[in-house]
Amino acid sequence: GGEGQSLALPLGKGPHQVGCMDVMVGHTQQGLFFRLFYPCLPRAGAQQPLWIPRREYCSVLGSAAQCAWRWLVPLISLTLGSCRVPVSWNGPFKPCSSGYPLIIFSHGLGAFRTLYSSVCLELASWGFVVASLEHRDHSACTTYFCTAEAGREEWIPYQEVPQGQKEFYFRKQQIHQRAEECVRALRLFQDISSGKSVPNVLQQDFDLSVLQDSIDVTKVAAMGHSFGGVTAVLALVKEPSFRCAVALDAWMFPLESSLYQEVPRPVLFINTEQFQTPESVAKMKRLSSRNSQTKIITILGSVHQSHTDLTFLTGRLLSHIFGVRGTLDPYKCLDITSRAALAFLQRHLNLEEDFSQWDKLLEGIGDSLVPGAPFSRSHL
């Protein structure tokens, strides 16, 4: 993408138009908050939602993320404040008698529910319902819930590792809370499917009961990036209804070693070239040695932020300064990521689509792709 087109998110390439809405359930921190991406019917004059849902997210995005981003904040407000997601806001849901498969998506540290809109809307365009959670374990750049008192919001700020506490224990606590939120999100869709009334606190003119007969809650995957990637792996341990996980550049550090034997389902690890360490990859390999269906592939020329929307939204110059874009074209990176994910999901959710055309990606065969991790390749 040239400089001109690089400040917008790409449209989905699948056959469906994509709608999107925010869902908040419950009036306490124990509730749930997510952005839902789903196949929708075309609607004239459809409104597109802002990428940064509210001003509050702008002001903290920098402080929660790497120091390099702090300089980005005034710039984010200027350029990204007006950026919109190319989906139909609260667009009419497109019913599906066979039921769409479901993906529960978990964000990385210091992120929020819309930071992965490009990959979520891409998957929705291929016929998935995708719930992109905003976690309440103090790992989101900020988030909030609406108390029972009308109009009152309580904000949950990002939290650094408390001084004197070992990072492993702090993060371990967080991923358990996050994985439990993934399980609660799945339960919520099971409730909707069984006909229970689930009120959306955000009072939008969209009744969740329209999803009732159109989601196949037996075909569910967990997915996430970085801290969210390891969250998706842990969700498999906590809930057997998750049939597989797709982990984008997973940060494996917080997963207790005792849990490796417990991961019952296959995982697709899609790594970037710059982020992983030999220790992290060794952990992934422990999982793949236990399950022949677990795959590890690496996208060459990609960096850790290549899986986020920032790779599309910062323009070439800035993305190099802030390291949010590798040498690989971001559109190509998204293509590889989504196609590999679709092939993997087809295989493990037993879908009847033609996503198996991309099976070779799962073996690391393809342009800008290698099997395993780059430093595990022989340098002879």
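Residues numbered from 1 in each chain as written. Predicted model: local features only at pLDDT ≥ 70, side-chain atom pairs only at ≥ 80, totals over all residues. Heavy atoms only, no water.

The name an unreviewed UniProt entry assigns to the chain is 1-alkyl-2-acetylglycerophosphocholine esterase, from the organism Ramphastos sulfuratus.

Another point: the nonpolar core. Ranked by size, the top nonpolar core spans 65 residues in total, and within it Phe 37, Trp 51, Phe 128, Met 223 and Val 246 carry the most contacts. If one sorts the elements of this core by residue count, helix 10 (residues 330-349) sits on top with 10 residues. Val 25, Leu 32, Ala 232 and Leu 259 belong to the second-largest nonpolar core, a separate cluster that totals 54 residues. (Core = buried A, V, L, I, M, F, W, Y, C linked by side-chain atoms within 4.5 Å. Buried < 20%, exposed > 50% of the residue type's maximum accessible area, 1.4 Å probe, protein only. Helix = DSSP H or I, 4+ residues; strand = E, 2+ residues; numbered from the N terminus.)

On to helix 7 (residues 278-290). Taking 1.5 Å per residue as the helical rise, helix 7 with its 13 residues ought to reach 18 Å, and the 19 Å between its terminal C-alpha atoms agrees with that figure. The set of residues buried in helix 7 consists of Ser 280, Val 281, Met 284 and Leu 287. In a view along the axis of helix 7, the buried residues occupy a sector of 110 degrees, so they form one face of it. The outward face of helix 7, more than 90 degrees from its buried face, is lined by the exposed residues Glu 279, Ser 289 and Arg 290. The inward-facing, buried residues of helix 7 contact helix 6 (227-238), strand 10 (267-272) and strand 11 (295-299). (Expected span 1.5 Å × (residues − 1). Arc of directions from axis to C-beta. Contact = heavy atoms within 4.5 Å.)

Overall, the coordinates contain 2 cavities of 30 Å³ or more when judged by the stated rule. Taken together, Ser 118, Val 119, Ser 306, His 307, Thr 308, Thr 311, Phe 312, Pro 330, Cys 333, Leu 334 and Thr 337 form the lining of the largest cavity. Every element with two or more residues in the lining of the largest cavity is listed here: helix 4 (117-125), helix 8 (310-313) and helix 10. Among the elements that take part in the lining of the largest cavity, helix 10 stands out by supplying 4 residues, more than any other. Partitioned by chemical class, the residues of the lining of the largest cavity number 5 nonpolar, 6 polar and no charged. Around the second largest cavity sit Tyr 260, Val 263, Arg 265, Val 267, Leu 287, Arg 290, Asn 291 and Thr 294, which together line it. Residues that form the lining of the second largest cavity fall into these classes: 4 nonpolar, 2 polar and 2 charged. (1 Å grid on protein atoms, 1.4 Å probe; cavity = no way out; pocket = protein on both sides within 12 Å on 5 of 7 lines; lining within 4 Å. Points joined across faces, edges and corners; volume = space filled by probe spheres on them. Nonpolar A, V, L, I, M, F, W, Y, C, P; charged D, E, K, R; others polar.)

Looking now at the environment of Pro 15. Its location among the elements puts Pro 15 in the segment before strand 1 (17-25). Placed 112 residues apart in sequence, Pro 15 and Gly 127 show a C-alpha to C-alpha distance of 7.9 Å.

For the rest of this paragraph, the subject is the environment of Leu 133. Here Leu 133 shows up in strand 5 (residues 129-133). Beyond its immediate stretch of four places on either side in the chain, Leu 133 contacts Leu 32, Phe 33, Phe 34, Ile 104, Phe 105, His 107, Arg 113, Glu 181, Cys 182 and Ala 185.

Atom-level detail of predicted coordinates should not be read off regions where pLDDT is low. Mean pLDDT over the chain: 90, with 89% of residues reaching 70 or higher. Below a pLDDT of 50 lies the segment residues 1-6, which in the model reaches 15 contacts outside its immediate sequence neighbourhood of four places, other chains included. (pLDDT = per-residue confidence, 0-100.)

Side chains three or four residues apart in an α-helix point the same way, a direct result of the helix having 3.6 residues per turn. Here helix 6 spans 17 Å end to end across 12 residues, near enough to the 16 Å set by a 1.5 Å rise per residue. Helix 6 sits mainly inside the fold: 10 of its 12 residues count as buried. Those residues of helix 6 not exposed but buried are Phe 227, Gly 228, Gly 229, Val 230, Thr 231, Ala 232, Val 233, Leu 234, Ala 235 and Leu 236. Taken together, the buried residues of helix 6 touch strand 4 (100-106), helix 5 (167-193), strand 8 (215-225), strand 9 (242-248), strand 10 and helix 7.

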